[in-house]
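Below, each chain spelled out in residue letters.
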Amino acid sequence: MKKLRDRVAALLDEGAVSLVIGYEEGTKRPRPLFCRNSESSGKLIFDSRCFHNLAVYVTKKELVGKERFAVTAPISTLRSILQLYVENQLSEEKLLVLTVDLNGELREFVTFEEISAYVAQFEMKRGEREQEILSKIEGMTREERWKFWMGEMSHCFKCYACRSACPLCYCTKCVVEVNRPQWINPWPSPISNMEWHVNRAMHMVGRCTACGACGDACPVGIPIDLITRKMMEDLAPEFGYIPGQPAKQGNALSSWKLDDREQFIR
Amino acid sequence: METKYISQGGMAQWFESIIASGKRVYAPVNSRGQVDFKLVKNLSEVADDYIQTTQSIKASVYPKAEVLFTYEKDHGKVNLSDFDPETIPETVLWKVHPCDAAGFKPLSAIFNWDSADKLHNAHLVKTSVISFSCAKADQSCFCTSVNGSPGNTAGSDIQLTVLPDGGAIAEILTPKGEALVALLPPVFEAERGDKKEQYLVDLPARFSLEEVNAKLNKAFNSTVWKEQSERCIGCGACAFVCPTCACFDIQEDVHGSKGRRIRCWDACGFALFTLHTSGHNPREHQSQRWRQRILHKFSYMPDRLSVVGCTGCGRCSRACPVDMNILEHITSIAKQ
Amino acid sequence: MSEKNTYLPYLMTIDKVIKEAPGVKTYRLKFQDESEAAAFDFQAGQFGEYSAFGEGESTFCIASSPTRKGYIECTFRDTGRVTSGMASLEEGSTMGFRGPYGNVFPLDEWKGKNLVFIAGGIALPPMRCVIWNALDLRENFKDITIIYGAKSVNDLVYKEELKEWADRPDVRMVTTVDPGGQTADWTGEVGFVPTIVETVAPSAENTIAIVCGPPIMIKFTFPVLEKLGFTDSQVYTTLENRMKCGVGKCGRCNVGKLYICKDGPVFSKAELNFIPAEEY
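Residues numbered from 1 in each chain as written. Chains lettered and ligands numbered in written order. Predicted model: local features only at pLDDT ≥ 70, side-chain atom pairs only at ≥ 80, totals over all residues. Heavy atoms only, no water.

1. Structural notes on the overall build of chain B
Thinking step 1. In terms of helices and strands, chain B carries 11 helices and 12 strands.
Thinking step 2. In terms of principal-axis extent, the alpha carbons of chain B reach across some 65 × 65 × 40 Å.
Thinking step 3. Here chain B holds 336 residues, and the buried ones make up 60% of them.
Thinking step 4. In chain B, of all internal contacts separated by at least 6 residues, the share reaching a separation of at least 24 is 73%.
Thinking step 5. For chain B, the accessible surface area stands at approximately 13000 Å², while carbon and sulfur atoms represent 52% of it.
Thinking step 6. In chain B, the 37 positive side-chain charges and the 38 negative ones have mean positions that sit 4 Å from each other. (Helix = DSSP H or I, 4+ residues; strand = E, 2+ residues; numbered from the N terminus. Buried < 20%, exposed > 50% of the residue type's maximum accessible area, 1.4 Å probe, protein only. Contact = heavy atoms within 4.5 Å. Areas by Shrake-Rupley, 256 points an atom, 1.4 Å probe, with all protein chains shown as cover. Lys, Arg positive; Asp, Glu negative; His and termini not counted. Charge placed at Lys NZ, Arg CZ, Asp CG, Glu CD.)

2. Structural notes on the sheet that holds strand S3 (residues 69-72) of chain A
Residue and element names in this part refer to chain A.
Thinking step 1. Judged by pairing direction, the sheet is mixed, and its 5 strands sit side by side in the order S2-S1-S3-S4-S5 without closing on themselves. The sheet is open, and its two borders are formed by strand S2 (31-35) and strand S5 (106-109), each paired with just one other strand. Each neighbouring strand pair of the sheet contributes to a mean axis angle of 25°, computed without reference to strand direction.
Thinking step 2. Pairing of S3 with strand S4 (residues 95-100), which is carried by 4 bridges, proceeds in the parallel orientation. For Ala 70, the partnering residue across the bridge sits in S4 and is Leu 96.
Thinking step 3. Sitting on the sheet, helix H3 (residues 75-86) touches strand S1 (19-24), S3, S4 and S5, and the angle it makes with S4 is about 155°. (Pairing = 2+ DSSP bridges. Axes fitted to C-alpha atoms, helices over the stretch in contact; angles between N-to-C directions.)

3. Some words on the sheet that holds strand S5 (residues 77-82) of chain B
All names here are of chain B.
Thinking step 1. The strand order S5-S4-S12-S11 describes an open sheet built from 4 strands, whose pairing is antiparallel. For this open sheet the edge positions go to S5 and strand S11 (248-255), each flanked by a neighbour on one side alone. Pairwise comparison of adjacent strand axes, ignoring direction, gives a mean angle of 25° for this sheet.
Thinking step 2. As paired elements, strand S4 (residues 65-74) and S5 share 6 bridges and run antiparallel to each other. In the strand pairing of S5, Thr 70 is matched with Ser 81.
Thinking step 3. With respect to the sheet, helix H4 (residues 118-126) is in contact with S4, S5 and strand S12 (258-265), its orientation differing from that of S4 by roughly 130°.

4. Some words on the pattern of salt bridges
Thinking step 1. Taken as a whole and assessed by the stated rule, the structure comprises 58 salt bridges over all chains.
Thinking step 2. Taking the shortest distance from any N to any O, the salt bridge between A:Arg36 and B:Glu230 comes out at 2.5 Å. Of this pair, A:Arg36 sits in the loop between S2 and helix H2 (61-64) while B:Glu230 sits in the loop between helix H7 (224-229) and helix H8 (237-241), placing the two residues on different chains.
Thinking step 3. Across the pair B:Lys118 and B:Asp82 runs a salt bridge whose closest N-O atoms are separated by 3.2 Å. Taken together, the residues B:Lys118 in helix H4 and B:Asp82 in strand S5 connect sequence positions 36 residues apart. (Salt bridge = Lys/Arg side-chain N within 4 Å of Asp/Glu carboxyl O.)

5. Section: the packing of helix H5 (residues 193-200) of chain C against helix H6 (residues 215-227) of chain C
Residues and elements named next belong to chain C.
Thinking step 1. Their axes nearest at 8 Å, the elements H5 and H6 cross at an angle of 15°. Taken together, H5 and H6 sit at an angle that is classed as roughly parallel. Judged by the sense of rotation from one axis to the other, the crossing of H5 with H6 is right-handed. Residues Val 193, Pro 194, Val 197 and Glu 198 of H5 touch H6, and the partners they reach there are Met 217, Phe 220, Thr 221, Val 224, Leu 225 and Lys 227.
Thinking step 2. Split by residue class, the contact of H5 with H6 holds 7 nonpolar, 1 polar and 2 charged. (Parallel < 35°, antiparallel > 145°, perpendicular 65-115°, else oblique. Left-handed = near helix turned anticlockwise from the far one by under 90°. Nonpolar A, V, L, I, M, F, W, Y, C, P; charged D, E, K, R; others polar.)

6. Remarks on the interface of chain B and chain C
Thinking step 1. Every contact between the two is made by 55 residues of chain B and, on the other side, 48 residues of chain C.
Thinking step 2. When the two sides are added together, the surface that chain B and chain C hide from each other amounts to roughly 4200 Å², 51% of it contributed by carbon and sulfur.
Thinking step 3. Considering only the side of chain B, the residues that lose the most area to chain C are B:Lys118, B:Phe248 and B:Arg304, jointly responsible for 13% of the buried surface there.
Thinking step 4. Summed over the shared surface of chain B and chain C, the number is 10 salt bridges. (Buried area = accessible area lost by both parts, 1.4 Å probe.)

7. Re the domain arrangement of chain C
Residue and element names in this part refer to chain C.
Thinking step 1. Taken as a whole, chain C is organised into domain 1 (10-101) and domain 2 (114-238).
Thinking step 2. Between domain 1 and domain 2, the residue contacts involve 20 residues of the former and 15 residues of the latter.
Thinking step 3. The interface formed by domain 1 and domain 2 holds 2 salt bridges in total.
Thinking step 4. Between Arg 128 and Glu 73 there is a salt bridge, and its shortest N-O distance comes to 2.7 Å.
Thinking step 5. For the pair domain 1 and domain 2, the number of links is 9 residue pairs in polar contact (both at pLDDT 80 or more).
Thinking step 6. Of all the elements in the fold, those that place two or more residues in the side of domain 1 that touches domain 2 are strand S1 (10-21), strand S2 (24-31) and strand S5 (72-77).
Thinking step 7. Among the elements that make up the side of domain 1 that touches domain 2, the one with the highest residue count is S5 (4 residues). (Domains from an automatic or database assignment. Polar contact = N/O pair within 3.5 Å; in protein donor to acceptor, adjacent residues only side chain to side chain.)

8. Thoughts on the nonpolar core
Thinking step 1. Ranked by internal contacts, the top residues of the largest apolar core, which has 184 residues, are B:Phe207 and B:Phe298.
Thinking step 2. The leading source of residues in this core is helix H9 (residues 286-305) of chain B, at 7 residues.
Thinking step 3. Not counting chain neighbours up to four residues away, the residues in contact with B:Phe298 comprise B:Val146, B:Phe207, B:Leu209, B:Val212, B:Asn213, B:Leu216, B:Val308, B:Cys310, B:Ile326 and B:Ile330.
Thinking step 4. Core analysis: the next-biggest nonpolar cluster, separate from the first, contains 57 residues, C:Val24, C:Leu29, C:Ile72 and C:Ile208 among them. (Core = buried A, V, L, I, M, F, W, Y, C linked by side-chain atoms within 4.5 Å.)

9. Focus on helix H1 (residues 2-14) of chain A
All names here are of chain A.
Thinking step 1. Over its 13 residues, H1 extends 18 Å from the first C-alpha to the last, a length consistent with the 18 Å expected when each residue adds 1.5 Å.
Thinking step 2. For H1, every residue scored as buried is listed here: Leu 4, Val 8, Ala 9, Leu 11 and Leu 12. The buried side chains of H1 occupy one side of the element, clustering within an arc of 160° when seen end-on. When the buried face of H1 is taken as reference, the exposed residues oriented beyond 90 degrees from it are Lys 2, Asp 13 and Glu 14.
Thinking step 3. Along its buried surface, H1 packs onto S1, S2, S3, S4 and S5. (Expected span 1.5 Å × (residues − 1). Arc of directions from axis to C-beta.)

10. Describing the interface of chain B and chain A
Thinking step 1. Listed as interface residues are 37 residues of chain B and, on the opposing side, 37 residues of chain A.
Thinking step 2. When residues of chain B are sorted by the area they lose upon contact with chain A, B:Arg32, B:Glu230 and B:Ile233 head the list and together hold 22% of the total.
Thinking step 3. Across the chain B-chain A interface, the total number found is 5 salt bridges.
Thinking step 4. A salt bridge links A:Glu152 to B:Arg32; the shortest N-O distance between them is 2.7 Å.
Thinking step 5. The set of elements that each furnish at least two residues to the side of chain B that touches chain A consists of strand S3 (34-39), H8, S11, S12, H9 and helix H10 (315-319) of chain B.
Thinking step 6. Along the lines of polarity and charge, the residues of the side of chain B that touches chain A split into 14 nonpolar, 12 polar and 11 charged.

Printed below as a string of structure tokens:
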């Protein structure tokens, strides 16, 4: 921790970066911290409780400004940063990435290649919670699954915390806000909630890095992250993706191949 | 106002008689790991061990989506059908916390300050509130800092304070409360001299509203808004769980020649809330939207509507994905 | 319960359609219910919520003068879902209207004064209402000057009325288009509204200036007026923040402690000093 704090303080003092996005102790658990001077680096923490996906902030222009900045990134944040890079939302010149590895060593990544190599060591696995709920859902019939998800969706009140917490939901105008035509009714109702979440899931296909931020953010406890996680898991073998690694060939929904094995798409 | 004693068994009988009267009863229910108000038929469904429901009860008097009127188009002509208040059933809210009941006043102030809101008022008329005083609180609770208390009776028709024997002190506060008592008068026994205060959680005030108001009057251009809101991700969770947030949108639901005009929840924290068609957005940045949220509740509402737009329920702090803790933020403004 | 449902609109018939400029139309609306028509009254500066059934509601000022009875008019640009729905309606179709809402231009207080109207682009409609109101009560006021500018000749609205005003001996009419927006036969001024105001230089003596236009025009016109000697209580404007309910409840047009829909839309510059400029 001291190494991280010292390094961040040095980076800010030297003017190498103008901002470091990290974590501090919050009122319930660690929360995002924005260090703009070396004094505030003393508040920095970095441990296994640091869950928020900080990549959600790196595309916010009003926050990060025009100068170079740094992020202290746990594995989930690293994966999202890679995906944002692949989607041309980040540049190496603008962003310095720090992490603390499993041996407690401070690591600094200047290029996205380095992040990619580092992330490759970590296998994407379901945690206990994901395994428990997903195995239950996988055991359901199609009708049971529909009933389960409609039940869950009926709790959604469209606060869009899922969208706001997601680093990859960076559109300035979301599909749900488009009103010509009005694709999705903007008020909450079970079916329009389902429409919203299906739309979001489709926009995440092949892009989601299964960080779980959307599910964690949901104030009404819908395990919304499991939809995109499951899609990612199903998609990986079909499209040759490596779960948790950005798809360099583009995302599944907007990529076409002349030699696609499915007839309908040619 | 009259104070009575009701035994645990009496309470169960009374609950049954409320159900038997045909009124809808909403009460906190624990399901999917969350406690929230749901339609109930039996007392056994009602949650016991929890601090706060995830959502407030505001949806009972200000639905998430409500039809303002319907219409039908017919060869260039339009026929309107007005909202009918008679369609709203008699409703009893059971086991409401005082901070939720206190939310009715600011909500009604917003809906009725200048012109009466027929829909909101129709819900209010049909709704009776049975609150339970609070014996427990957590670190997000701060009702005592915003004119409330764990035993605040504002907004309640009856307040129950549960006693160690499972019975309760029953404060019958309004004619609506009396009407509920009249469903089964014998279970309301003479009071036994129990001291209500003894059974309430001790929750010291954390800031003074006057002090906060005075600070906010000069804080519009303060750097505090940017500092506090940097981590805010701009969702509407805080507004939607809040018992007093009332910002809404008006939308159109069209099915062929028939349509419904719908009022639905909205939030001043959303980036597009104030966006003009021209592209101009007066509140372009999250810091401006955070400022609006705080100033509206703690400065504009007290000044314009003579009521603070916060009941200290702490739901926004509990719901926030990034720990925007309103108590922490207001306390720090008060200390500035 | 006898309370009126605030959100229930009056049914109106589109009596007349005037094409003003590309994408800009004026609709003359008449009440379908005669008793509603008889009971209806409004004053210059007020606005309403106009319904295109099937699309929703949109906020515009009432563009006709209260001195012209029996109808109201609105002028709008086809830009969003509701306005494009409105634009597709024909004469004889039904629309909805809720209002009148908001405060008014204090024409009574302006009696005996000179009036300078300064408007830009699509912001002429709120001004047109008060201009006609003043012209219909011409004897109440001294000199009347109208300075109106748009991006290009094509974008000028109320072209017939601009001519009518220009032809009146009791009105000084100055029309301008932004540099590059003029046509070969353009005889008016060329230049941005604030610049033209400075050139025309109306005297501040016993004068009220009414400014209406996009935020950027207002921002640059206010200092010019100040330079010309106009005090803050001599300058009026009307604000058009985004609104949904129009009656102070939905929260959208809340700026500082004020609600544009209730405390406005008409404000003197002196009143504007009490609300944060960045929020309107």
